[in-house]
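Architecture at a glance
If you want the building blocks of each chain, they are given just below.
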Amino acid sequence: MNSALQAINELNRVRLAHLPTPLHALPRLTRKLDGPGLWIKRDDLTGLAGGGNKTRKLEFLIAEALDRGCDSVVTAGGAQSNHCRQTAAACAQVGLECHLVLGGEPPALPLGNLLLDDLLGSRIHWVEKSRRNNRLDELGGELRRQGREPYVIPIGGSNSLGCLGYARAMFELKEQASQLGITIDRIVFATSSGGTQAGIVLGARLSGFRGRITAISIDQPPDNSAEHTFLAGVAQIATEGAERIGRNVQFAAGDCETEYGYLGAGYGVVGELERHAIRELARTEGILTGPVYTGRALGALLNMIARGAIGPQQTVVFWHTGDDVALHAYSAEMSTNSHSQS
Ligand SMILES: *Cc1c(COP(=O)(O)O)cnc(C)c1O
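Residues numbered from 1 in each chain as written. Predicted model: local features only at pLDDT ≥ 70, side-chain atom pairs only at ≥ 80, totals over all residues. Heavy atoms only, no water.

Topic: helix 6 (residues 132-145)
- For helix 6, spanning 14 residues, the distance from its first C-alpha to its last is 20 Å, which sits close to the expected 20 Å at 1.5 Å a residue.
- The complete set of buried residues in helix 6 reads Arg132, Arg135, Leu136, Leu139, Gly140, Gly141 and Leu143.
- Contacts from the buried residues of helix 6 go to strand 3 (72-78), strand 4 (97-103), strand 5 (123-127) and strand 6 (150-152). (Helix = DSSP H or I, 4+ residues; strand = E, 2+ residues; numbered from the N terminus. Expected span 1.5 Å × (residues − 1). Buried < 20%, exposed > 50% of the residue type's maximum accessible area, 1.4 Å probe, protein only. Contact = heavy atoms within 4.5 Å.)

Regarding the packing of helix 4 (residues 82-94) against helix 5 (residues 112-119)
- Relative orientation of the contacting elements helix 4 and helix 5 amounts to 20°, with a least axis distance of 9 Å. As summarised for this structure, helix 4 and helix 5 are arranged roughly parallel, according to the angle between their axes. Where helix 4 crosses over helix 5, the handedness of that crossing is left-handed. Contacts between helix 4 and helix 5 pair Asn82, Cys84 and Arg85 from the former with Asn113, Leu116 and Asp117 from the latter.
- Classifying every residue of the contact of helix 4 with helix 5 gives two nonpolar, two polar and two charged. (Axes fitted to C-alpha atoms, helices over the stretch in contact; angles between N-to-C directions. Parallel < 35°, antiparallel > 145°, perpendicular 65-115°, else oblique. Left-handed = near helix turned anticlockwise from the far one by under 90°. Nonpolar A, V, L, I, M, F, W, Y, C, P; charged D, E, K, R; others polar.)

Let's talk about the packing of aromatic side chains
- According to the stated counting rule, one finds two aromatic pairs in the structure shown.
- Arranged with centres 5.6 Å apart and planes meeting at 65°, the rings of Tyr166 and Trp319 form a pair that is edge-to-face. Here Tyr166 is found in helix 7 (residues 164-180), whereas its partner Trp319 is found in strand 10 (residues 315-320), with 153 residues between them in sequence. Side by side, Tyr166 and Trp319 carry an identical accessibility label, which is buried.
- Here Tyr267 and Tyr293 contribute two aromatic rings whose centre-to-centre distance is 5.9 Å and whose plane-to-plane angle is 75°, an arrangement assigned as edge-to-face. Within this pair, whereas Tyr267 is found in the loop between strand 9 (258-259) and helix 10 (272-285), its partner Tyr293 is found in the loop between helix 10 and helix 11 (294-306), the two being separated by 26 residues in sequence.
- The class of Tyr293 is buried, set by a relative accessible area of 15%.
- The ring of Tyr293 carries the charged tip of Lys54 above its face, separated from the ring centre by 5.7 Å. (Phe/Tyr/Trp six-rings, centres within 6.5 Å; stacked < 30°, edge-to-face > 60°. Lys NZ or Arg CZ within 6 Å of the ring centre and 35° of its normal.)

Quick notes on the pairing of strand 8 (residues 212-217)
- Burial analysis of strand 8 places five of its six residues in the buried class, the great majority of the element.
- One ladder, built from six bridges, connects strand 7 (residues 186-191) with strand 8; its direction is parallel. Bridging across to strand 8, Arg186 finds its partner in Arg212.
- In this fold, the crossover linking strand 7 to strand 8 by way of helix 8 (residues 195-207) has right-handed handedness.
- Direction of pairing for strand 8 relative to strand 9: parallel, over a ladder of two bridges. Bridging from a neighbouring strand, Ile216 pairs with Glu259 of strand 9.
- Following the chain from strand 8 across helix 9 (residues 230-244) to the adjacent parallel strand 9, one finds a crossover that is right-handed. (Pairing = 2+ DSSP bridges. Right-handed = clockwise from strand over helix to strand, strands pointing away.)

Section: the environment of Arg148
- Mapped onto the elements, Arg148 comes out in the loop between helix 6 and strand 6.
- Taking the C-alpha atoms as reference points, Arg148 and Ala92, 56 residues apart in sequence, are found 17 Å from one another.
- Apart from residues lying up to four places away in sequence, Arg148 is in contact with Asp71, Ser72, Glu97 and Leu143.
- Within the local environment of Arg148, its side chain forms a polar contact with the side chain of Asp71, the two groups lying 3.1 Å apart. (Polar contact = N/O pair within 3.5 Å; in protein donor to acceptor, adjacent residues only side chain to side chain.)

Remarks on the pairing of strand 7
- Within strand 7, six of the six residues are buried, which leaves the element mostly enclosed by the surrounding structure.
- The side-chain alternation of strand 7 yields two buried faces, one formed by Arg186, Val188 and Ala190 and the other by Ile187, Phe189 and Thr191.
- When strand 7 meets strand 10, the two strands line up parallel, connected through three bridges. When the bridges of strand 10 are listed, Ile187 appears paired with Val317.

Points about the sheet that holds strand 1 (residues 23-25)
- The six strands are arranged 1-2-10-7-8-9 in an open sheet whose pairing can be described as mixed. Every other strand in the sheet has two partners, leaving strand 1 and strand 9 as the edge strands with one partner each.

Points about the nonpolar core
- Ile62, Leu202 and Trp319 are the most contacted members of the largest nonpolar core, which totals 65 residues.
- In terms of residue count, helix 7 provides more of this core than any other element does, eight residues in total.
- In this view, Leu202 contacts Cys163, Leu164, Ala167, Ala238, Gly241, Ala242 and Phe251; residues no more than four positions away in its chain are not counted.
- The next biggest cluster of nonpolar side chains, apart from the first, holds 29 residues, and it includes Leu29, Ala190, Ile216 and Val270. (Core = buried A, V, L, I, M, F, W, Y, C linked by side-chain atoms within 4.5 Å.)

Coordinates in, geometry out; function isn't part of it.
Written as structure tokens, this is what we have:
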């Protein structure tokens, strides 16, 4: 076994995900588009109360919470956060109390992920979106003063420990590709808090993956030195992730290819790009993608193919990061009659 993979596997991990997730072809979509050869990595099927990419990170994060003797977990996200829903499920599975700091106002009717957060027994703390990180720290302090032992997980579980879930996933992908006899030219997926991207970039380096890795920014604008340093942060998470397993591998923003052209009207605002992509995959392959992340990333991929940025001879893996649960909270945006023709 690769020694880096061995080092990752030696870290504490709670088994939360059903792994490996399937890697399979999308033959009807490939034919309809006349190439490239499209494949899908089904992290929507990680299985944690609806699945998704946060499950791989949580395997390491929840293990550390238990290892430290924590009795509760605190994390934050949007009202339709897939990360929060998977954290709530992970906590229920191992018997930790789960506190979720959600940005916005409680809706009259909880739908999608928010409904599941409640069913899974989490305690929800609403706060203005810009105050989520402050509230996360405050809440950790409040719980400590009450004699509790909270484990605080950053938004998206995106830190050097969480990212190792995706470093590990790259070895899984490589193994599957070799069994299937395919050479992957490119991986496309959604990025937002950056931990998935950091892990994939790190895992690619450690496993010797030679394809191109393209993250589609869902909400992050390009870095502009002083105020906004998203990609620098992604690179730092990857570098620190390597350190955790005793590898001195440095990453820079330039190692993290990111497309910024698909930000649409902002985070969680569903437009024609997402509507079209979601319908296209659903109607050609019977697979659901979500309104916020995977619909946008898939829309970006379809657009890159349509404008010739990805050639027909390529083999491309779309990494499904799992957010179809949120569709139910977006029925007004998804199912209007005027949009029912694709
Ligand atoms: C969180 C999330 C992402 C982005 O992952 P990050 O690690 O936060 O960049 C992509 N897709 C889905 C469905 C998510 O929930």
